Amino acid sequence: MTTPKQGNRVPDGCLIGADNGCFAKGGKGYPGDDRWFDWLDSRVDRHGPDRFAFAVAPDVPFDAEGTLRKSLPHLGRIRELGIPAAFAAQDGCDALGIPWDDFDVLFLAGSCGRGTPNWKIGPVAERLSREARERGMWVHMGRVNSLERLRIAEWFGCRSADGTYIAYGPDKNLPKVLRWSDELHRTPSLFGG
């Protein structure tokens, strides 16, 4: 995952998830619509569209109505760059109607953490994930910083996940995350998945 203000180096050969920075530091990571799109366009020029797993349309964290209003104009622009457009699902987005035909990747955003509802790991997010998979879409879960959350993402059918766990102690935490991944691949599923 990379955003305009992170400055992450993109390793050769990996798929790129381009986020928008709207969540970071209360939205201070988002440079604005035009600058964000210019950044995304320059990344596609630099790396080529085939390197992108998705780009997340600008959203309003924890606000389904605001996200729908902010994302819709950008989803088609992302697709015009030749890369999959991701829609950030937020608490309550199912009640407003999901614009399934306008995006390619369901990005599970929404609340889940200290003092907030667990929408992102709850039944609505699971149902939306399964519907997205039935539609042939990629599903991604954001803010996955524990083995428990990684297991939930796998159970929901997510093809990818991201989090900041490694950033806060790479020498200690990268080996843990690699063990989590190994454990997911070694532990048989109760349902044979």
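The preceding data block contains the structure.
For clarity, every value in this text was computed on a predicted model and none was experimentally measured.

Enquirer: Before we move on, could you go through a nonpolar patch on the surface and cite the residues and values that matter?
Expert: A cluster of nonpolar side chains, I166, L174 and L178, forms an exposed patch at the surface whose accessible area comes to about 240 Å². With respect to the helices and strands, L178 occurs in helix α6 (residues 170-186).

Enquirer: How would you summarise the packing of aromatic side chains if you had to cite specific residues and measurements?
Expert: Summed over the entire model, instances satisfying the criterion amount to five aromatic pairs. Aromatic pair F54 and F107: ring centres 6.1 Å apart, planes at 75°, arrangement edge-to-face. With F54 in strand β2 (residues 52-56) and F107 in strand β4 (residues 105-108), the pair connects residues that are 53 residues apart, well separated along the chain. You'll find F54 and F107 in the same group, each marked buried. With centroids separated by 5.6 Å and ring planes inclined at 35°, the aromatic side chains of W100 and F103 adopt a geometry described as tilted. Each member of the aromatic cluster is reached from another via a ring pair, and the members are F87, W100 and F103. Its guanidinium or amino end placed over the ring of F37, R77 lies 3.7 Å from that ring's centre, counting from NZ or CZ. Stacked on the ring of F23, the Lys or Arg R143 has its end atom at 4.7 Å from the ring centre.

Enquirer: Describe the pairing of strand β3 (residues 85-89), and please don't skip the residues or the numbers.
Expert: Among the five residues in β3, five count as buried, and that is most of the element. A two-sided burial pattern is seen for β3, the buried positions comprising A85, F87 and A89 on one face and A86 and A88 on the other. The pairing of β2 with β3 spans two bridges and is classified as parallel. Bridge assignment links V56 to a residue of β3, and that residue is A86. Tracing the backbone out of β2, into helix α2 (residues 64-80) and back to the parallel element β3 gives a crossover that is right-handed. Sheet analysis places β3 next to β4, joined by four bridges and oriented parallel. Of the residues in β4, the one forming a bridge with A88 is F107.

Conventions and cut-offs
Residues numbered from 1 in each chain as written. Predicted model: local features only at pLDDT ≥ 70, side-chain atom pairs only at ≥ 80, totals over all residues. Heavy atoms only, no water. Patch = residues over 30% accessible without salt bridge, like charges linked within 9 Å, V, L, I, M, F, W, Y side chains within 5 Å. Areas by Shrake-Rupley, 256 points an atom, 1.4 Å probe, with all protein chains shown as cover. Salt bridge = Lys/Arg side-chain N within 4 Å of Asp/Glu carboxyl O. Helix = DSSP H or I, 4+ residues; strand = E, 2+ residues; numbered from the N terminus. Phe/Tyr/Trp six-rings, centres within 6.5 Å; stacked < 30°, edge-to-face > 60°. Buried < 20%, exposed > 50% of the residue type's maximum accessible area, 1.4 Å probe, protein only. Lys NZ or Arg CZ within 6 Å of the ring centre and 35° of its normal. Pairing = 2+ DSSP bridges. Right-handed = clockwise from strand over helix to strand, strands pointing away.

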